[in-house]
Amino acid sequence: MQIAISGGKGGTGKSTVATNLAVALRKIGVKLTLADLDVEAPNDHILLGVELANEKPVNQFMPRFDYSKCTKCRKCAEVCEEHAIVTLRDGTPFLMPTLCSGCRACEIVCPVPGAIQEAFRTIGHTYVTPTPYGFTLVTGKLKEGEERSMPLVVAAKRRAEEVREGLLMVDTAAGTGNTVSKAIESSKLLIAVTEPTPLGIHDTELILELGRLMGIPTWVVVNRADLGEKEKVYELARKYGAEVVAEIPYSENIVRSYVEGKPIVLTDYPEAEIFTGLAKRVAEFLGGGE
Ligand code: SF4
Ligand code: SF4
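Residues numbered from 1 in each chain as written. Chains lettered and ligands numbered in written order. Predicted model: local features only at pLDDT ≥ 70, side-chain atom pairs only at ≥ 80, totals over all residues. Heavy atoms only, no water.

Caption draft 1: How the structure looks around the nonpolar core. In this structure, L21, L25, L34, M169 and V221 are the most contacted members of the largest nonpolar core, which totals 36 residues. The set of elements that each furnish at least two residues to this core consists of β1 (2-7), α1 (14-27), β2 (32-36), β8 (167-174), β9 (189-194), β10 (218-223), β11 (243-248) and α10 (272-285). Here this core takes seven residues from α1, the largest share from any one element. Core analysis: the next-biggest nonpolar cluster, separate from the first, contains 25 residues, L37, V39, I123 and A156 among them. (Core = buried A, V, L, I, M, F, W, Y, C linked by side-chain atoms within 4.5 Å. Buried < 20%, exposed > 50% of the residue type's maximum accessible area, 1.4 Å probe, protein only. Helix = DSSP H or I, 4+ residues; strand = E, 2+ residues; numbered from the N terminus.)

This is how it looks when you write it as structure tokens:
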């Protein structure tokens, strides 16, 4: 089974919820693998206080032009929907690698055998990191300067599937873009982390709408619940048939545990109870197991 932790807006505490929930679930006996699919800014490993390990490159096709064969017909540039190929006045093609999606359309339309050769570039890495909490963390990390996160999400999710033990928990990027829906795909439960600010509430509606469209039961966790109009979050949740399952107050203890790289659920701080309670709810939802 798979569940997803998401948030319409960045900085809502999504990763804090994902990591603490993973630790709390493991503590009550649920076997799991956590996948950090926020590939542009993965930080679950920082919150868990572990160094990323077992690096594997994610390579993507890109064309390499053999100018001794190229007839400068421009067909490759014309077919490239990403505008990744520019041509000089005489038709000589050049590639702008960061725009290339690796779709191979240029290779297919090129009428001259060998004028486009196969090359690859590394657009990011995946990692499989053991944690001291009894579960494995799988991470996708896009290389700086790269713009396409979808191949990384797909590669990291695939690697997580390969090594998974029991429940797969995915921590998605913020927002509701196609990489988020790819990460959420196949989940039996979506937990949307939000905060009760006007922007937070607006973005929560988008994620609730995404859950509804994908037919996934959705729960809401309100972070920094004491710093805004949380009634509006409840109202919105009711509108979408979603349940608000936890409120997390603004807490310096959470910030402290973040700095220490120690999940708050393992401390004696009172906020630990919130995550333990949430883990029990999730375990019940899963039927007491994986
Ligand atoms: S389609 Fe092939 S031959 Fe034509 S410009 Fe591109 S690389 Fe050269
Ligand atoms: S592989 Fe696709 S995106 Fe990349 S240059 Fe060729 S046509 Fe454009």
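Caption draft 2: Main features of the site of ligand 1. Taken together, 14 residues surround ligand 1, and among them C70, C73, R74, C76 and C110 come closest. Taken together, the residues of the shell around ligand 1 sort by class into 10 nonpolar, one polar and three charged. (Near = heavy atom within 4 Å. Nonpolar A, V, L, I, M, F, W, Y, C, P; charged D, E, K, R; others polar.)

Caption draft 3: A look at the pattern of salt bridges. Applying the stated criterion to the full structure yields 17 salt bridges. Between E161 and R164 there is a salt bridge whose closest N-O contact spans 3.2 Å. Assessed through its relative accessible area of 37%, E161 is described here as partly exposed. When the shortest N-O distance is used, the salt bridge between E209 and R212 registers 2.6 Å. Of the two residues, E209 and R212 are both situated in helix α7 (residues 198-214); the distance of three residues between them amounts to about one turn of the helix. Judged by relative accessible area, E209 falls into the partly exposed class, the value being 24%. Residues participating in the shared-partner salt-bridge network are K14, D38 and D171. (Salt bridge = Lys/Arg side-chain N within 4 Å of Asp/Glu carboxyl O.)

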